[in-house]
Amino acid sequence: MLLLSGTGITLMEQENREAKKMEGYKMKRREKAAMLSIAACAMLVNAAPVMAESAEPLTIAVSMRSTTSEYHMQYVAGAELFAASLPEGTAEVQMLPCEGNDDKQINDINALIASKGDNMILFVDANNAPNITSIAEACEEAGVYWCAAWNAPEGILPTSYKYWVNFQSCDAVKQGYDIAVNLFESLPTPGEGKICVLEGMLANTANEDRMKGLNMALEEYPGIEVLDDQAGDWDTGKALNITENWLAKYGEDGIDGIWCACDDMAVGVVQALTAKNLNGKILSTGVDGTSAGIEMVENGELACTIANNGWLQAGYGCAYAYAAKTGVLDTETMDDLHRMFLTNGYLVSADTLADYKATFVDSQPEYDFTDLDYPIAGPMFEE
Amino acid sequence: MDKQVHTSRVGEEFAQEMKKQSQKERFMSLAPLIILLVLIVIFSVTAQGFFSINNFYNLLNQAAIPLVMSLGLTFVILMGSTDLSAEGLGGFIGSVVALMVLNSKNDMNLGAFAIPLVVLISIGVSMLSGLLHIKGKLPSFMVSYGVSSIMSGFAVLSYRGVPARIRDPLFTVMAQGNFLGIPYLTWIAIVTFVIAYILQNRTRFGSYVMAIGDNEAIAKNIGINIEWTKFKVFVWLGLCIGIVGVMGAVRVGQGDVGIGSDLVFPAITSVVVGGTSLSGGKGGVVHTLIGAFIVTVINNALVLLGVSPYIQQAVQGLIILGAVALSVPHGKNLIVK
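Residues numbered from 1 in each chain as written. Chains lettered and ligands numbered in written order. Predicted model: local features only at pLDDT ≥ 70, side-chain atom pairs only at ≥ 80, totals over all residues. Heavy atoms only, no water.

1. Looking at the overall build of chain B
The helix and strand inventory of chain B stands at 13 helices and four strands. Relative to its 337 residues, chain B shows a buried fraction of 49%. Counting only contacts in chain B whose residues sit at least 6 apart along the sequence, the fraction spanning at least 24 positions is 77%. Entry remark: accessible area of chain B is about 16300 Å², with carbon and sulfur atoms responsible for 67%. (Helix = DSSP H or I, 4+ residues; strand = E, 2+ residues; numbered from the N terminus. Buried < 20%, exposed > 50% of the residue type's maximum accessible area, 1.4 Å probe, protein only. Contact = heavy atoms within 4.5 Å. Areas by Shrake-Rupley, 256 points an atom, 1.4 Å probe, with all protein chains shown as cover.)

Shown next as structure tokens:
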């Protein structure tokens, strides 16, 4: 388990502890920040001579699950944002979608390494955690600096490798908790009512963590009754069928809300509710911040969704790998916080919708990729 | 004299054996229907909300897409082949139709004309797939798998990662409206079933398909144009996949490649559970209708029963295995491919 675990304590307590810890980190970080910022500012200055040595532009590879996922395509857009921050013509982005196939992910990365050598950096969202070991070994052998997000096997850490610069993840426990609290407070009687739970894929790390967050929220809200819990496998059609079945079982007045673990499934939930004119009356939730999810928040059909912010994850993932490649960062002297950290999602509800749209929908987000502290929301492990 | 007595005894035994065989076959052909009725009775008693008018419409709605898909595959399976192209092709059709009607991604707005257009595209792709199988002498299994992958790729390319949300009012009406209380999507499935029934039982094409599935060599010897018949089966399959792709987009209100996921194997399951032989020549569209409802009823009831998602798939698998064991003829003389 790589993410913060809150089992046995309330999120409030956990947040207090984290706040104290963060204070400590901030003290350390303030000291290091100045040094890191100076070094990072030098990154872009250093970039031109480094690139000039190589005739070929640097390849910034993004290995992710699928081009069908709007969120995964945000990775590519984030990498492109970073590439655009470098001197023109010195870097190009190449995406490596594995379409859910572990072997394809590893083979594609190996093939690219064979073609580009160390004239590349890599951002990876591993299709499955065990892939990380093979990718780490391939990059270590070829001298390719890289970063990873979301999945890594337990006990396999960047600190054991020179070229694996860092590992980041969204706090999925917090996501599950936040959307649950938002839903509970949005019910006709805030904090009281009957809900159905639509999980994603069983035994999937993100799903399990979001469920932990939900359970933490349920402990804090004794007035919420869970009628049923089903797995929709992240699939829109399955979510639609399950919701139709719930409406048949509990009646149109028997459900107050539906806690749904992702936006793709929320589309199916809302379709089923719309067919019964219940959209907006029975609220649901989502995670991922897809355009459909944002639209449903805007229509008052979802209480909220959480944008994982793939732009930030991949953009800064690439920035770290690039900083290590250009000698601005030395992985052997980097502290644990910068090598393993959590990033913040963006909770989009009726209250925050306008801000979110202004930043992420109506325009591309803008990041200062020289400020390598910016994406860090907290440490991945409790000390 | 003794010889005559012996001959008549053998004749009687043979007649009795034939009678037994025919009774057994009659029972086996009724087995899927009996299984469906037994499941309905059991779930009506045990699952809250199962025996209700709301859930009846739910079942009709949820069976619509699997039924059309299964009807398309029935003719392929009846002639002893298999086709896996629906996953990619159905996803592609769903993605493209969403981009052709009023949607969130582009200004194209072909309205109802988009539907026949994408169905024709589906038929065209399926015809190509059929030609590769028939003229190229390639196994239908592999050809269709390749076609599925290609079409999945095109589907993703069509919307570049961000699925189009459908805004066309016609699609909204199709998703939510009903006629005589029966959802429109179910009417589409009913019409498809009637056409499939006529094709199988009232045309030469239906007889030829059964003959090919039973024994292709004999069918050829009696003058059936094997290649032309097979080609027509792929046209029918393309039509059904096209309809399924449109129905999928209507149901989820957006176009993405996921519309095609989980189409093929549940459809093959429906065909087989209904009693159609995977080796061809036995079964038909009525069996498929019953099979599609058996699979839909099981999926529906497991949610209504509140079966834990951790064991739901296992329970579903066990019930399907049980249904197949009871409804598909098996014995020592049967060849299991």
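2. Notes on the overall build of chain A
Regarding its fold elements, chain A presents twelve helices and 13 strands. Burial analysis of chain A (383 residues in total) assigns 59% to the buried set. The long-range fraction of contacts in chain A, counting pairs at least 24 apart against all pairs at least 6 apart in sequence, stands at 75%. Entry remark: accessible area of chain A is about 14600 Å², with carbon and sulfur atoms responsible for 49%.

3. Notes on the packing of helix H2 (residues 53–78) of chain B against helix H11 (residues 264–273) of chain B
Residue and element names in this part refer to chain B. With their axes 9 Å apart at the nearest point, H2 and H11 run at an angle of 65 degrees to one another. By the angle between their axes, H2 is roughly perpendicular relative to H11. Remark: the crossing between H2 and H11 carries right-handed chirality. Of the residues in H11, those touching H2 at Met69, Ser70, Leu73, Thr74 and Ile77 are Val264, Ala267, Ile268, Ser270 and Val271. Along the lines of polarity and charge, the residues of the contact of H2 with H11 split into seven nonpolar, three polar and no charged. (Axes fitted to C-alpha atoms, helices over the stretch in contact; angles between N-to-C directions. Parallel < 35°, antiparallel > 145°, perpendicular 65-115°, else oblique. Left-handed = near helix turned anticlockwise from the far one by under 90°. Nonpolar A, V, L, I, M, F, W, Y, C, P; charged D, E, K, R; others polar.)

4. Structural notes on the interface of chain B and chain A
With 37 residues of chain B at the contact, the number on the chain A side is 33 residues. Between chain B and chain A, roughly 2700 Å² of surface is buried when both sides are summed, and carbon and sulfur atoms account for 47% of that area. Linking chain B with chain A are four salt bridges, by the criterion used here. With a closest N to O distance of 2.8 Å, Arg167 of chain B and Glu295 of chain A form a salt bridge. Mapped by element, the contributors of at least two residues to the side of chain B that touches chain A are H2, helix H5 (140–159), helix H10 (226–252), helix H12 (285–304) and helix H13 (309–327) of chain B. Taken together, the residues of the side of chain B that touches chain A sort by class into 14 nonpolar, 18 polar and five charged. (Buried area = accessible area lost by both parts, 1.4 Å probe. Salt bridge = Lys/Arg side-chain N within 4 Å of Asp/Glu carboxyl O.)

5. Quick word on the pairing of strand S10 (residues 302–307) of chain A
Residue and element names in this part refer to chain A. The element S10 is largely enclosed, with a buried count of six among its six residues. Handedness of the β-α-β unit built from strand S9 (residues 283–285), helix H9 (residues 291–298) and S10 comes out right-handed. As judged from the four bridges shared by S10 and strand S12 (residues 346–349), these two strands associate in the antiparallel manner. Directly across from Ala307, in S12, lies its bridge partner Tyr346. (Right-handed = clockwise from strand over helix to strand, strands pointing away. Pairing = 2+ DSSP bridges.)

6. A closer look at the nonpolar core
By size, the foremost hydrophobic cluster in this structure holds 121 residues, and its most contacted members are Ile60, Leu122, Trp146, Phe184 and Trp259 of chain A. If you tally residues by element for this core, the top one is helix H10 (residues 310–325) of chain A, at eleven residues. Counting contributing residues, this core receives three or more from each of domain 1 (11–170 + 309–343 + 364–379) and domain 2 (173–307) of chain A. The contact partners of Trp259 of chain A, leaving out residues within four places of it in the chain, are Gly176, Ile179, Ala180, Leu183, Ile195, Cys196, Val197, Leu198, Arg210, Met211, Leu214 and Thr285 of chain A. Counting residues in each nonpolar core, the second largest holds 77 residues, with Ile93, Ala155, Leu185 and Val285 of chain B among its members. (Core = buried A, V, L, I, M, F, W, Y, C linked by side-chain atoms within 4.5 Å. Domains from an automatic or database assignment.)

7. Some points on H10 of chain A
All names here are of chain A. The end-to-end C-alpha distance of H10, which contains 16 residues, comes to 22 Å, matching closely the 22 Å that a straight helix rising 1.5 Å per residue would cover. With 15 of 16 residues buried, H10 lies mostly within the body of the structure. The positive-phi residue at the C-terminal boundary of H10 is Gly327, with phi of around 85 degrees. (Expected span 1.5 Å × (residues − 1).)

8. A word on the sheet that holds strand S7 (residues 224–231) of chain A
Residues and elements named next belong to chain A. Across the sheet, which stays open at both edges, the six strands sit in the order S7-S6-S8-S9-S10-S12 with mixed pairing between neighbours. Here the strands that pair on one side only, and so sit at the sheet edges, are S7 and S12. Across this sheet, the average inter-strand angle for adjacent strands is 20 degrees, counted without regard to direction. With seven bridges connecting them, strand S6 (residues 193–199) and S7 associate as parallel partners. Paired with Ile195 across the bridge in S7 is Val226. Running at roughly 165 degrees to S6, helix H6 (residues 205–220) makes contact with S6, S7 and strand S8 (257–260) of the sheet.

9. With respect to the pattern of salt bridges
Applying the stated criterion across every chain, the model contains twelve salt bridges over all chains. One salt bridge connects Asp233 of chain A with Lys238 of chain A, and the closest N-O pair in it is separated by 2.8 Å. Given a relative accessible area of 22%, Asp233 of chain A falls into the partly exposed group. For Lys137 of chain B, the salt bridge identified is with Glu227 of chain B, shortest N-O distance 3.4 Å. Of this pair, Lys137 of chain B sits in the loop between helix H4 (114–134) and H5 while Glu227 of chain B sits in helix H10, and the two are 90 residues apart along the sequence. Assessed through its relative accessible area of 62%, Lys137 of chain B is described here as exposed. Linked through salt bridges whose partners overlap, the residues forming this network are Asp233 and Lys238 of chain A together with Asp262 of chain B.

10. A short note on the packing of aromatic side chains
Residue and element names in this part refer to chain A. By the definition in use, this model includes 26 aromatic pairs over all chains. Between Tyr316 and Tyr367, the aromatic rings sit 5.6 Å apart at their centres with planes inclined by 70 degrees, giving edge-to-face as the arrangement. Here Tyr367 lies in the loop between helix H12 (353–361) and strand S13 (378–379) and Tyr316 lies in helix H10, a separation of 51 residues in the sequence. Members of the aromatic cluster, connected to one another through ring pairs, are Phe82, Tyr316, Tyr322, Tyr367, Phe369 and Tyr374. (Phe/Tyr/Trp six-rings, centres within 6.5 Å; stacked < 30°, edge-to-face > 60°.)

11. Brief notes about the side chain of Asn207 of chain A
Residue and element names in this part refer to chain A. When you line up the elements, Asn207 lands in helix H6. Residue classification places Asn207 among the buried positions, given a relative accessible area of 1%. Within polar-contact distance, the side chain of Asn207 engages the backbone oxygen of Met201 at 3.2 Å. Aside from chain neighbours lying at most four places away, what touches Asn207 is Glu199, Gly200, Met201, Leu202, Trp234 and Ala261. (Polar contact = N/O pair within 3.5 Å; in protein donor to acceptor, adjacent residues only side chain to side chain.)

12. As for the sheet that holds strand S4 (residues 145–149) of chain A
Paired through backbone hydrogen bonds, the strands of a sheet run either parallel or antiparallel to each other. Residues and elements named next belong to chain A. Strand order across the open sheet formed by seven strands is S2-S1-S3-S4-S5-S11-S13, with mixed pairing between neighbours. Looking at which strands have only one partner, the edges of the open sheet turn out to be strand S2 (91–97) and S13. Running at roughly 165 degrees to S4, helix H4 (residues 131–142) makes contact with strand S3 (120–125), S4 and strand S5 (164–170) of the sheet. Across the sheet, H10 lies against strand S1 (58–64), S3, S4, S5 and strand S11 (340–343), angled at about 145 degrees from S3, the strand it touches most.

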